[in-house]
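# Chain and residue survey
Now for the letters of each chain:
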Amino acid sequence: MPAKSKANRARARNLRSRGQTHRDPTPEIQFPEPVSPDDLGSDLEAEWDSEWDENDSPALTDVPDDDSDLEVEPDLDEEEKRVQNEADLAAFNNRLRKGLADALAIEKHEKQEGKKRRGTRYDGFGKRTTERKRARTKKEADNDERRGFRQMSLAAMFRSSSAPSEPELSSDCGEVSARIVCLSKSEGLTEGQIDSSQQDLLDDGTDVDEAESPDETSASQKLSALMDEYRAQNQMTDTVAFLPTADAEAMNISANQYHHEDKERLRRARNELTKLAKSKKLDVLFRSRINLMVGSLNLFLNADTSFSWREASAIVAKTAERKESTARSIRDWIHAYLKSGKLPLHQYGRFSSSILEEEDFAQQIQLHLLEIAKDGYVRAQDIVDYVAKPEIQEQLSNTGRKKTTISVRTAQRWLHKMSWRYGKKKNGMYIDGHEREDVVDYRNNFVIRWKEYEQRMVHYDQDGNASAPTGFPVPQGPRFRLYLITHDESTFYQNDRRRQVWSHPSQGPTPQPKGDGESLMVSDFLCPDLGRLVHECQEARIFFRAGNNRDGWFNNGHLLAQTEKAIDIFEALTHRQATGLFMFDNALNHKKRADDALSSTKMPKRPKCGWSNVKDGPKMRDGILPDGTRQPLYFSDDHPTMPGWFKGMEVIIRERGLWPDNGLPAACVPRCNKDGTDCCCRRVLYHQADFAGQKSALEELIERRGHICDFYPKFHCELNFIEQYWGAAKLRYRISPRTSNFAEMERNIKASLDDVPLLTIRRYANRSARFISAYGQGLSGPQAAWANRRYHGHRVLPPEMVAEVKKSLPNR
Ligand SMILES: [Zn+2]
């Protein structure tokens, strides 16, 4: 076996060690993040960050890294809304397009930067460089000849059949046709197919004038507007921006000059290509190339706009959302066609060339991946699945490629080629969704609530010294002091070990167990003042063996029971003299409502015997009218005809005095108007104060016990300081001795969790408070992360720091 390179081994190791959730072994891949403010913080930060390195970032996304995604009950309403709202879909598509355009713009900008730098260093290429470049260009051209660009004098074919005006070319015809037959045979086509495709071309070649469009002027006005916009966007002062880097074109310049001036020749070529593009026998990619050529020629030949040769191709490439280099390809294709009738035929998979070398195909995949990346993270498997889709398979088989499936390893190589890089996302916290409008709205409100909470809290400096609560506007009382108690779950894996260790050759290789091994979930509460909630022999922490044939899945019921116990312990520790602020992640299973909670989503319109919102569940609780009176939703047990029946929406609304004279449907079909409030029974009830204000079971439990319940903004795990605690504990667990014994594993995990000192926990709490402080001062996610890497002093970010951030890292 050949020796692998060091880089390869490192990559292989990374692929093994990272991104492996217990259900999906495919590594997570992320798009490169342009902004990279990166310096090493204190030891604390480094610890957290290194943990972050190992601990997959999907914890930050909608797709958590542990079992919690399995426990989440799908919120069908939300899911439906997301899919059904077409406006959202369109907006999403626009974002996608914009994202791609931005990425291309950045790439282009970087290329130009690179070019400029080279320009300042060299006044021109030396003789040797020029020779080498020429040799390389020639070699590339030969390669192209061999695998992609095969000659085919279609132009000659047209003329020999319909217009014998250029007899000097007709002599080529027989030879060329023979060559097509020969080449096509190698692609597995029958002679009949070839004949018909030739026939198509010939048939199409009969009426040549069709391409002269009558409304060319209005089109040209549009085009010149487009060009202006394009110039403005690219701050392009002249055509220099389009000068190609390679000198292949420079070598051709004299030949090109000739073609540019011969407008008649260009017009003819345009018409020929227009006909060709209509042929249904062509595969998608080939036709798209022909279309690009035709578009470019149309623009160039349009007398009203008088675009230059390069401008024309650049606009066409741009409007087709292709790379800048495509513009050059288009020009090359046209030149090749004019010179020798060569068409930019392509063939996948010859001479072990990759399908990916086709920019069109790469672009299709890239778009697909960006779409996936918006909602979560990209896996190599996504490409494998994409290539296996029937429509893609068909597209590929049209090109004569035999092997049309790819392996995960190939997909990983492709991702690399398409500049996706595997690893943690920069900043360790910033992902799409973090700055989503609704999330930011929630965050802003959360910050306001937080400022109130903070006034009732004891704070600790970085050395653990306490300072008294400062607030006075909130009501004073025996339970004035507020303790922050944060909750979260995390899963430990048996085989989660430190991967990089010092080793000596004499030790020999140690076999590594495959997969994650056993898992153990921990659900716990953490308090900066009290540490873990432990009182006498009671503790709030629970271990959970999640999985089928184990403890099942951690759900809202488990969490409620655990929270109840946590409150007991908290009240015992504080002698019922303080209030707890119980904070949870904004996860669906945390926000589940009680079984008897008010909800109109499943209510029948008419009275119904034995109805309850949850099957075999309790009766729905009473509604509360605006004046505070209770409204039972069931008839009384001594009702003459419907004793104890559910009243149904109509009666409930009538009793509230809201029933319109012309009646109401139960629900709108297929769905309600976006901002309708009284279109149907469901909507009317949905907007009633008691229904709208229905709280989650967790909130109800905690408030019933006289404490406060709140939820962090979605995607903001940096605000939940327990995440750092998990990180610190896992760092310790990873270096504990390997064990195949589950009880020992559990012991190791416990020891790791208990080993994190209270002072460290307080620092973690301060770090999260700094983030909240940063958001409170108007910083965005990336800015807050930037600031937190540079400032570790206090729980409040100083205004000078905020000013510096805003200057150094302007909000994009
Ligand atoms: Zn409605």
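Residues numbered from 1 in each chain as written. Predicted model: local features only at pLDDT ≥ 70, side-chain atom pairs only at ≥ 80, totals over all residues. Heavy atoms only, no water.

## Thoughts on the overall build of the protein chain
When helices and strands are tallied, the protein chain shows 31 helices and 14 strands. Relative to its full complement of 812 residues, the protein chain shows a buried share of 45%. Contacts in the protein chain between residues at least 24 apart in sequence constitute 71% of all its contacts with a sequence separation of at least 6. Here the protein chain displays about 42,400 Å² of accessible surface, and carbon together with sulfur accounts for 51% of that area. (Helix = DSSP H or I, 4+ residues; strand = E, 2+ residues; numbered from the N terminus. Buried < 20%, exposed > 50% of the residue type's maximum accessible area, 1.4 Å probe, protein only. Contact = heavy atoms within 4.5 Å. Areas by Shrake-Rupley, 256 points an atom, 1.4 Å probe, with all protein chains shown as cover.)

## Some details on the coordination of the zinc ion
The protein atoms donating to the zinc ion are C668 (SG), C672 (SG), C679 (SG) and C680 (SG), with metal-donor distances spanning 2.2 to 2.3 Å. Every donor counted, the four donor atoms about the zinc ion form angles of 101 to 117° at the centre, which fits tetrahedral coordination. One chain supplies every donor to the zinc ion, and in sequence these donors are spaced C-x3-C-x6-C-C. According to the relative accessible area criterion, C672 is partly exposed, its value standing at 22%. (Donors = N, O, S within 2.8 Å, 3.2 Å for Na, K, Ca; no water. Tetrahedral: all angles 85-135°; square planar, octahedral: opposite > 155°, others 65-115°.)

## Things to note about the nonpolar core
Core analysis: the largest hydrophobic core is formed by 45 residues, its most contacted members being W450, L581, Y725, I749 and L753. Of all the elements, helix 29 (residues 758–776) adds the most residues to this core, at seven residues. Here L581 is in contact with W450, Y453, M457, L482, Y483, L484, I485, I708 and D710, once residues within four sequence places are set aside. (Core = buried A, V, L, I, M, F, W, Y, C linked by side-chain atoms within 4.5 Å.)

## Some remarks on the pairing of strand 11 (residues 579–584)
Most of strand 11 sits inside the fold, with six of its six residues counted as buried. The two faces of strand 11 match: T579, L581 and M583 on one face and G580, F582 and F584 on the other face are all buried.

## Quick look at the packing of helix 21 (residues 437–454) against helix 29
Running from N to C, helix 21 and helix 29 point in directions that differ by 120°, and their axes come no closer than 9 Å. If you check the angle between helix 21 and helix 29, you find them oblique. Every pair of crossing elements has a handedness; the one defined by helix 21 and helix 29 is left-handed. Two secondary-structure elements touch here, helix 21 through R443, F446, V447, W450, K451 and E454 and helix 29 through A769, I772, Y775 and G776. Looking at the contact of helix 21 with helix 29, its residues break down into six nonpolar, one polar and three charged. (Axes fitted to C-alpha atoms, helices over the stretch in contact; angles between N-to-C directions. Parallel < 35°, antiparallel > 145°, perpendicular 65-115°, else oblique. Left-handed = near helix turned anticlockwise from the far one by under 90°. Nonpolar A, V, L, I, M, F, W, Y, C, P; charged D, E, K, R; others polar.)

## Section: helix 22 (residues 556–574)
Between its terminal C-alpha atoms helix 22 stretches 26 Å, which fits the 27 Å expected from 19 residues at 1.5 Å a residue. In the segment just after helix 22, H575 is the residue with positive phi, at about 55°. (Expected span 1.5 Å × (residues − 1).)

## Some words on the pattern of salt bridges
In this structure the tally under the stated criterion is 25 salt bridges. Note that D690 and R656 form a salt bridge whose closest N and O atoms lie 2.7 Å from each other. Residue D690 is located in helix 25 (residues 689–692), and its partner R656 is located in the loop between helix 23 (649–655) and helix 24 (681–686); the two are separated by 34 residues in the primary sequence. The exposure classification of D690 matches that of R656, with both residues buried. Note that D755 and R732 form a salt bridge whose closest N and O atoms lie 2.7 Å from each other. (Salt bridge = Lys/Arg side-chain N within 4 Å of Asp/Glu carboxyl O.)

## Remarks on the pairing of strand 5 (residues 482–493)
For strand 5, the tally of buried residues reaches twelve of twelve residues, placing the bulk of the element in the interior. With burial as the criterion, each face of strand 5 is covered, one bearing L482, L484, T486, D488, S490 and F492 and the other bearing Y483, I485, H487, E489, T491 and Y493. Where strand 5 meets strand 11, five bridges bridge the pair, whose relative direction is parallel. Note on strand 11: the bridge partner recorded for L482 is T579. As judged from the eight bridges shared by strand 5 and strand 6 (residues 519–527), these two strands associate in the antiparallel manner. Residue pairing across strands places F492 opposite L520, the latter belonging to strand 6. (Pairing = 2+ DSSP bridges.)

## Looking at the confidence of the model for the protein chain
In this model, the protein chain carries an average pLDDT of 70, and 61% of its residues clear a pLDDT of 70 or more. The spread of mean pLDDT over the elements of the protein chain runs between helix 7 (residues 154–161), the lowest at 33, and strand 14 (residues 708–711), the highest at 95. Of the regions scoring below 50 in pLDDT, residues 12–83 engages in 153 contacts with residues more than four places distant in sequence or in other chains. The low-confidence segment residues 233–258 (pLDDT under 50) makes 39 contacts with residues lying over four places distant or belonging to another chain. (pLDDT = per-residue confidence, 0-100.)

## Digging into the packing of helix 22 against helix 26 (residues 697–704)
Put simply, helix 22 and helix 26 touch, their axes get as near as 10 Å, and they point 15° apart. By the angle class used here, helix 22 and helix 26 are roughly parallel. As helix 22 packs across helix 26, the resulting crossing turns out to be right-handed. Contacts from N556, L559, L560, T563, E564 and I567 of helix 22 reach helix 26 at A697, L698, L701 and I702. When its residues are assigned to classes, the contact of helix 22 with helix 26 shows seven nonpolar, two polar and one charged.

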